[in-house]
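Chain and residue survey
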Amino acid sequence: MKTKKLNVKSRTENLSLIRDFVSSSAAEAGVTSDVIENIILAVDEACTNIIKHAYKSYPDGELIVKTKSTRNRFIISITDYGKSFEPDAIPEPDLQKYYRQKRVGGLGMYLMKTLMDDVKYVSIPGKRNEVQLSKNLKLTQQNVR
Amino acid sequence: MADFNTSIKDQGAVSIINLKGYLDAHTAPILENNFVDLIDKNRFNIVVDFKELAYISSAGLGVFMAYIEKIRESKGDIKLSGMTEKVFNIFDLLGFPLLYEIFKSEDEAVKKFIE
């Protein structure tokens, strides 16, 4: 099992750095490029939510992105030390309703759940939050052997 | 830092915003400013062309949601064109094709305003 780690500050300017890090870790793990596209979008959405909601755009919070690959899964965990998050409090988005209310929040979380196979939140209030995103990998000839 | 820029040109009563690069939470304010400028100038017929856009996240999609109502109230519209399959798939996942007209090319989108 290979793990990799990236520490950055909670700033949107670091989103491209995070995407590049996850993209190269996933490529190294043998993830196909179309799946990598979905994974980096899900990770971008998770980190954007952390920057805007957990840290409320405070620019010097810590954001730790770890990637891990096993034989059949690619897992990204993102840790922050901001305000804890209750994922169940976020409803599934209704775009027609959003259109009327000019609301856009919640789209990111919907994308994360749609693009990944599993999204899990673990919060220790006042200490740290972790979101774990997993993608099941199709077995290729090479890793079947 | 993500590389993103826009350019705006006018073609008669239609303004065209060409997007290039990566549209995320960091770069979305650039596009927001473009919409604010066009609305200030009473230019409500807007085509946004995506052919050089490599990436979009929900922060970028949110920009379209934020201004569409005001623009339609002013008898205008935002029409979208030139999306790669990858970018279209994200719009499609969120149900945007029900809310926005999406065209293959910038020209087709401009023509739709002139019709």
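In short, a report on the structure. (Residues numbered from 1 in each chain as written. Chains lettered and ligands numbered in written order. Predicted model: local features only at pLDDT ≥ 70, side-chain atom pairs only at ≥ 80, totals over all residues. Heavy atoms only, no water.)

Re the overall build of chain B
Put simply, the rule reads: Here a strand is any run of E in DSSP of at least two residues, a helix any run of H or I of at least four, and the numbering for each starts at the N terminus. Buried residues are those whose accessible area, probed at 1.4 Å on protein chains only, stays under 20% of the maximum for their type, while exposed residues exceed 50% and partly exposed ones sit between those limits. A contact between two residues is defined here by any heavy atoms of the two lying within 4.5 Å. Residue-level accessible areas treat just the shown protein chains as cover; the underlying method is Shrake-Rupley with a 1.4 Å probe.
Summing up its helical and strand segments, chain B has four helices and five strands in all. Ordered by position from the N terminus, the helices and strands of chain B form the series β-β-α-β-α-β-α-β-α. The buried share of chain B, taken over its 115 residues, is 54%. In chain B, of all internal contacts separated by at least 6 residues, the share reaching a separation of at least 24 is 68%. When the accessible surface of chain B is split by element, carbon and sulfur atoms take 49% of a total near 5300 Å².

Some thoughts on the interface of chain B and chain A
What counts here: We define buried area as the total accessible area lost by two parts upon association, computed with a 1.4 Å probe and summed across both. Take a side-chain nitrogen of Lys or Arg and a carboxyl oxygen of Asp or Glu: if they are within 4 Å of each other, that pair is a salt bridge. Under this definition, polar contacts are N or O atom pairs within 3.5 Å; protein pairs additionally need one hydrogen-donor-capable and one acceptor-capable atom, and for neighbouring residues in sequence, both atoms have to be side-chain atoms.
Contacts between the two partners involve 24 residues from chain B and, on the opposite side, 26 residues from chain A. Taken over both partners, the interface formed by chain B and chain A buries close to 2200 Å², and the fraction arising from carbon and sulfur atoms is 67%. The interface formed by chain B and chain A includes two salt bridges. Here D24(B) and R19(A) are joined by a salt bridge, their closest N and O atoms 2.8 Å apart. At the junction of chain B and chain A, the tally comes to six residue pairs in polar contact (both at pLDDT 80 or more).

Some remarks on the pairing of strand β1 (residues 4–11) of chain B
Residues and elements named next belong to chain B. This is how it is decided: Pairing between strands requires that DSSP locate at least two bridges from one strand to the other.
Bridge count between β1 and strand β2 (residues 14–23): eight bridges; the pairing is antiparallel. In the strand pairing of β2, T6 is matched with L19. Between β1 and the antiparallel strand that follows it, β2, lie two residues; G12 among them carries a positive phi value of about 60°.

Quick look at helix α4 (residues 106–114) of chain B
Residues and elements named next belong to chain B. Operational definition: Arc definition: it is the arc formed by the directions from the helix axis to the C-beta atoms.
Inspection of α4 places E106, A109, V110 and F113 among the buried residues, and these make up the whole buried set. Along the axis of α4, the buried residues cluster in a sector spanning 100°; they form a single face. With respect to the buried face of α4, the exposed residues turned more than 90 degrees away are K111 and I114. Here the buried face of α4 lies against β1, β2, β3 (45–56), β4 (77–81) and β5 (102–103).

Overview of empty space enclosed by the protein
Empty space left among the atoms is revealed by rolling a probe the size of a water molecule over them. Residues and elements named next belong to chain A. For clarity, the cut-off: Only protein atoms enter the 1 Å grid used here. Points where a 1.4 Å probe fits but cannot escape make up a cavity, open sets with protein on both sides within 12 Å along at least five of seven lines make up a pocket, and a residue lines them when an atom lies within 4 Å of a point. Grid points are joined across faces, edges and corners, and a volume is the space filled by probe spheres set on the points.
Considering all chains together, one arrives at one cavity of 30 Å³ or more under this definition. Each pocket or cavity is described by its volume, and for the largest cavity that value is around 70 Å³. Looking at the largest cavity, the residues that line it are K2, T3, K4, S25, E28, A29, T67, K68, S69 and F74.

A few points about the sheet that holds β4(B)
Residue and element names in this part refer to chain B. Note the threshold: Simply put, an axis is a line fit to the C-alpha atoms, just over the touching stretch for a helix, and the angle between two N-to-C directions goes from 0 to 180 degrees.
In space, the five strands of this open sheet follow the order β1-β2-β3-β4-β5, with mixed pairing throughout. In the strand order of this sheet, the two ends are held by β1 and β5, each with one partner. Together, β3, β4 and β5 form the strand contacts of helix α3 (residues 85–93), whose direction differs from that of β3 by roughly 115°.

Looking at helix α2 (residues 33–54) of chain A
Let me state the cut-off plainly: The span you would expect from a helix comes to 1.5 Å times its residue count less one.
In a regular helix each residue adds 1.5 Å, so 22 residues correspond to 32 Å; α2(A) covers 30 Å between its end C-alpha atoms and thus fits that length. K56(A) sits one or two residues past α2(A) and shows a positive phi near 45°.

Comments concerning the side chain of T12(A)
Considering the arrangement of structural elements, one finds T12(A) in the loop between β1 (2–9) and α1 (15–28). The exposure class of T12(A) is buried, given its relative accessible area of 19%. In terms of polar contacts, T12(A) uses its side chain to reach the side chain of H26(B), at 2.7 Å.

Examining the pattern of salt bridges
All names here are of chain B. Enumeration according to the criterion identifies 16 salt bridges over all chains in this entry. Note that K20 is salt-bridged to E52, the shortest N-O span being 3.8 Å. You can see K20 sitting in strand β2 and its partner E52 sitting in strand β3, a full 32 residues away along the chain. The class for K20 is partly exposed, based on a relative accessible area of 41%.

Remarks on the nonpolar core
Rule in force here: Throughout, nonpolar core names a set of buried Ala, Val, Leu, Ile, Met, Phe, Trp, Tyr and Cys residues whose side chains join them through atoms within 4.5 Å.
One finds I78(A), L133(A), F35(B), F50(B) and F64(B) to be the most contacted residues of the largest nonpolar core, which totals 70 residues. No other element matches the twelve residues that α2(A) contributes to this core. F35(B) has contacts with I17(B), I46(B), V48(B), V63(B), F64(B), Y67(B), I71(B) and I78(B), leaving out every residue within four places of it along the chain. In this structure, I16(B), V47(B), F103(B) and F113(B) belong to the second largest nonpolar core, which totals seven residues.

Some points on the side chain of D49(B)
Residue and element names in this part refer to chain B. Examined against the element boundaries, D49 turns out to sit in strand β3. The class for D49 is buried, based on a relative accessible area of 1%. Residues in contact with D49, not counting those within four places in the same chain, are I17, N18, L19, S81, G82 and E106.

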